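Summary of the model geometry
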Amino acid sequence: MPLQHHPADVGADAQFLDTNVPRKGLYDYIIVGGGTAGCVLASRLTEDPTISVLLLERGGVHDTFTMRCPLLSASYAQGKHPSVRWNSTPLTAANGRVLEILTGTVLGGASRFNAMLYTRGSPAQYDEWRRQGRVGWSYADLEPYFIKSENAVSTSGYYHGSEGPWSNRHFDEFLFSSFPHAVKAAQDLGISYTDDANAPEGPCVSCAKIPVTLTSDGKRLSTFDAFLPPSITTQRQRLTICTDTLVTKIDFDVGGVQPVASGVFFKPYESTPKQQPFYARAKKEIIVCCGAIETPHLLLLSGIGAKDHLTKHGIKVIKDLPGVGRNLQDHVGTTITYKVPLSDTFHALESSLTRALTEFLNYLIRGRGLFTYPTLQVSIFAKSDKLGDNAKPSVEETNRETFPDIEIMPIPHECTYVASQTSQGFFSFICVPLQPKSSGTVELFSHNPRANPKVDLGFFTREGDIEVVRKAVRLAMALGERMRTNGYQMENHLIPAGDSDEQLDVFIRQNVRTTYHYASSCRMAQEHDTVPGVVDDELRVHGVSRLRIADASIFPDVVATHLQAPVVMVAEKCADMLKKTWSATN
Ligand SMILES: Cc1cc2nc3c(=O)[nH]c(=O)nc-3n(C[C@H](O)[C@H](O)[C@H](O)COP(=O)(O)OP(=O)(O)OC[C@H]3O[C@@H](n4cnc5c(N)ncnc54)[C@H](O)[C@@H]3O)c2cc1C
């Protein structure tokens, strides 16, 4: 199957729906959004050769050397990149600053350019979801789905998979000397080192080696590469993938007990507003996988959301569902930065042509070195309630018992929005509160599907978050101090002016950034929960039939780790739920 059908090949002309639909544009399932989750779902559903799936993705395929090379594909801040970027609304709690919103426009979504870190999160967090009433979402329920997708190359244990299509591995060695120094500093502060960040029995407070989704020859392994390789896309006759195609609206049959999602309208991504849409119909279900920003956007455009908001934008209300676009969460990051030897940072590539060429050759010949993007080889997880004034964490509990609310990422690069000076090397700690109480919103800017939604990240709008960040920054400063004492050459560059709460708060508000972990904007919870839900435990949208969501938007709360492995788990589980539902019906 080619990956770049034109919308006209896969759907009916929406102008002539009545005559065209029975002959053209009819599928068992329609998946909207071929990103991280969408590729997994399309792959799993078409394992059954009798099942037809249409996967619609607004971005292109971009199967190029640049997009396979981890460093080059991750350079989303530069040049032409398959992503859209726009500004959030001003953040009141961050001195009115606006932050960049960035989402992928490419088959494979954010997994085509993210940092490739593979972390599942702690069993305790999923068990907490179960305690909150989410049936089927305890860690015991979910572990099989993590295992199913995984091929863990560097780690083993009953909880790891070895036969899944999605490999993860450790880098062979530490590629910057700041990493072993960070490990030593953490150990000096009483934080134990673990080489398996995903071990359920591992320490919750830890300095953990982080695996990445990378092939043995140094290529990025996105969900597009892993789940939709040519062996699948060329063999599965009933899998239709249509790229460069924007879904503008979900269609509903109304008049029954509740609205039934029946089809979708779509256009070429680069078309004019006057272009007539095409239409495809789903015999079984439509699954939205557009990510935590665009999934609520598409639902709102389709008439599912808070009634007042829809009416204000002249959109016919299909289902009054106030949870849509509420509770957007992210891991806000505060960065402290040090000047370090240039050669021990990614900046060496920018400042020295010789080093850049050497590294590039190393990558071409051996698939090793800085072009494999070893940006975060270890990370430090902590619990704020266990951090005393001297920043000493207590370390007894395992991931099964509890989950961290702080991550400190050591990064051999400058990570603020301040332009980097290429003649200087920088090292950063990004300090992240992993269990934020604050949340923001995704709303319509206009009823035009091409207008980016209005995104309020809502950082620090609830009490408690900034206190956690303060503790994280203090811990990071203690780690930096210890690295220096242990002999790593570091000079303060951008760190708080002092240690008082006031000085830290000024610094934090001035320096917060997003870590692009958008989540929970269509959370899985009861419709009228205190924080209203959008999908039930089977990922079905409340109050409408035959419509599910499978992506980062459904997490009841943002998972206290990096999100791609949990997103893939959600897609795996969704595929199973669909298979069960429809095998029972048939
Ligand atoms: C820069 C960056 C670095 C990150 N680093 C890491 C990391 O190292 N490790 C980690 O675990 N997580 C990381 N994350 C987070 C993680 O990658 C994402 O949370 C996850 O991939 C999101 O998956 P998703 O399926 O929900 O959405 P996406 O992967 O964003 O997929 C959504 C897809 O839907 C498509 N789409 C949207 N609207 C429409 C429409 N109307 N019609 C058709 N198609 C549409 C988009 O083009 C996109 O391809 C990072 C994220 C970013 C942005």
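Bear in mind that the values here come from a model prediction, so they are computed numbers and not experimental data.

**Some thoughts on the overall build of the protein**
- Broken down by element type, the protein carries 17 helices and 24 strands.
- Expected size for 586 residues packed as a compact globule is a radius of gyration near 25 Å; at 23 Å, the protein falls within 12% of this value.
- In terms of overall dimensions, the protein has C-alpha extents of about 75 × 55 × 45 Å along its principal axes.
- Relative to its full complement of 586 residues, the protein shows a buried share of 62%.
- Nonlocal contacts in the protein, meaning residues at least 24 apart in sequence, comprise 72% of its contacts between residues at least 6 apart.

**Points about empty space enclosed by the protein**
- Taken as a whole and assessed by the stated rule, the structure comprises two cavities of 30 Å³ or more.
- Computed from the structure, the largest cavity encloses a volume of approximately 150 Å³.
- If you trace the largest cavity, you find 18 residues lining it, with S122, A197, F381, N399 and P404 closest to the centre.
- Taken as a whole, the second largest cavity encloses approximately 50 Å³ of empty space.
- Taken together, L328, Q329, D330, V332, P436, S438, S439, L457, G458, F459 and D465 make up the full set of residues lining the second largest cavity.
- Partitioned by chemical class, the residues of the lining of the second largest cavity number five nonpolar, four polar and two charged.

**Regarding the site of the ligand**
- Surveying the vicinity of the ligand reveals 34 residues, the closest of which are T36, E57, R58, G104 and Q564.
- In the environment of the ligand, an oxygen atom lies 2.6 Å from a nitrogen or oxygen atom belonging to the side chain of E57.
- One nitrogen or oxygen atom from the main chain of V106 is found 3.2 Å from an oxygen atom belonging to the ligand.
- Calculation on the ligand without its partners gives an accessible area of 1000 Å², and the protein chains cover 94% of this total.
- At the level of elements, helix 3 (36-45), strand 5 (100-104), strand 11 (245-253), helix 11 (291-301) and helix 17 (564-585) are the ones that each hand at least two residues to the shell around the ligand.
- No other element matches strand 11, which puts three residues into the shell around the ligand.
- Within the shell around the ligand, the residues separate by chemical class into 18 nonpolar, 12 polar and four charged.

**Considerations on the packing of helix 7 (residues 139-149) against helix 17**
- For the pair helix 7 and helix 17, interaxial distance at closest approach is 9 Å and the crossing angle is 105°. One element, helix 7, and the other, helix 17, form an angle in the roughly perpendicular class. Of the residues in helix 17, those in contact with L142, Y145, F146, K148 and S149 of helix 7 are A565, P566, V568, M569, E572, K573, D576 and K580.
- Its residues placed into classes, the contact of helix 7 with helix 17 shows seven nonpolar, one polar and five charged.

**A word on the pattern of salt bridges**
- The full count for this structure, using the stated rule, is 32 salt bridges.
- A salt bridge links E294 to R58; the nearest nitrogen and oxygen atoms lie 3.2 Å apart. Residue E294 is located in helix 11, and its partner R58 is located in the loop between strand 3 (53-56) and helix 4 (65-68); the two are separated by 236 residues in the primary sequence.
- Residue D505 is joined to R470 by a salt bridge in which the shortest nitrogen-to-oxygen separation is 2.8 Å. Of this pair, D505 sits in helix 16 (residues 501-511) while R470 sits in helix 15 (residues 465-485), and the two are 35 residues apart along the sequence. We note that D505, like R470, is buried.
- A cluster of three or more residues bridged by salt bridges with shared partners is formed by R44, E47, K148, E572 and K579.

**Focus: the domain arrangement of the protein**
- Splitting the protein by domain gives domain 1 (1-154 + 224-330 + 443-457 + 517-586) and domain 2 (171-209 + 333-435 + 460-513).
- In this structure, domain 1 and domain 2 have C-alpha centres spaced 31 Å apart.
- Every contact between the two is made by 33 residues of domain 1 and, on the other side, 30 residues of domain 2.
- Overall, the association of domain 1 and domain 2 removes approximately 2500 Å² of surface from exposure, summing both partners, and the carbon and sulfur fraction of that is 64%.
- Linking domain 1 with domain 2 are zero salt bridges, by the criterion used here.
- Applying the counting rule to domain 1 against domain 2 returns 11 residue pairs in polar contact (both at pLDDT 80 or more).
- Of all elements in the fold, only helix 4, helix 5 (70-74), helix 6 (123-131) and helix 7 reach the threshold of two or more residues within the side of domain 1 that touches domain 2.

**Quick look at the side chain of T515**
- Considering the arrangement of structural elements, one finds T515 in the loop between strand 23 (512-513) and strand 24 (547-549).
- For T515, a relative accessible area of 11% translates into the label buried.
- Not counting chain neighbours up to four residues away, the residues in contact with T515 comprise D330, H331, G333, I430 and V432.

**Details of the UniProt feature "domain: Glucose-methanol-choline oxidoreductase N-terminal" (unreviewed entry) in the protein**
- Within the UniProt annotation, "domain: Glucose-methanol-choline oxidoreductase N-terminal" (unreviewed entry) is assigned to residues 291-305.
- Secondary structure within residues 291-305 divides into 73% helix and 13% strand; the distance between the first and last C-alpha atoms comes to 16 Å.

**Digging into the packing of aromatic side chains**
- Under the criterion given, the structure shown has 21 aromatic pairs.
- Pairing Y118 with W166 gives two aromatic rings, centres 5.5 Å apart and planes at 75°, and the pair type is edge-to-face. One end of the pair, Y118, is in the loop between strand 5 and helix 6; the other, W166, is in strand 7 (residues 166-168), with 48 residues separating them in the sequence. W166 matches Y118 in its accessibility class, with the two residues each being buried.

**Quick look at the state of the cysteines**
- Under the criterion given, the structure shown has zero disulfides.
- In this structure C204 is a free cysteine whose sulfur lies 14 Å from that of C207, the closest cysteine sulfur available.
- Among the residues examined, C204 registers a relative accessible area of 2% and is labelled buried.
- In this model C415 remains outside any disulfide bridge; the closest cysteine sulfur is found in C431, 11 Å from its own.

Rules behind the numbers
- Residues numbered from 1 in each chain as written.
- Predicted model: local features only at pLDDT ≥ 70, side-chain atom pairs only at ≥ 80, totals over all residues.
- Heavy atoms only, no water.
- Helix = DSSP H or I, 4+ residues; strand = E, 2+ residues; numbered from the N terminus.
- Rg over C-alpha atoms; globule rule 2.2 N^0.38 Å.
- Buried < 20%, exposed > 50% of the residue type's maximum accessible area, 1.4 Å probe, protein only.
- Contact = heavy atoms within 4.5 Å.
- 1 Å grid on protein atoms, 1.4 Å probe; cavity = no way out; pocket = protein on both sides within 12 Å on 5 of 7 lines; lining within 4 Å.
- Points joined across faces, edges and corners; volume = space filled by probe spheres on them.
- Nonpolar A, V, L, I, M, F, W, Y, C, P; charged D, E, K, R; others polar.
- Near = heavy atom within 4 Å.
- Polar contact = N/O pair within 3.5 Å; in protein donor to acceptor, adjacent residues only side chain to side chain.
- Areas by Shrake-Rupley, 256 points an atom, 1.4 Å probe, with all protein chains shown as cover.
- Axes fitted to C-alpha atoms, helices over the stretch in contact; angles between N-to-C directions.
- Parallel < 35°, antiparallel > 145°, perpendicular 65-115°, else oblique.
- Salt bridge = Lys/Arg side-chain N within 4 Å of Asp/Glu carboxyl O.
- Domains from an automatic or database assignment.
- Buried area = accessible area lost by both parts, 1.4 Å probe.
- UniProt positions renumbered as here; feature names shortened; annotations may be inferred.
- Phe/Tyr/Trp six-rings, centres within 6.5 Å; stacked < 30°, edge-to-face > 60°.
- Disulfide = S-S within 2.5 Å.

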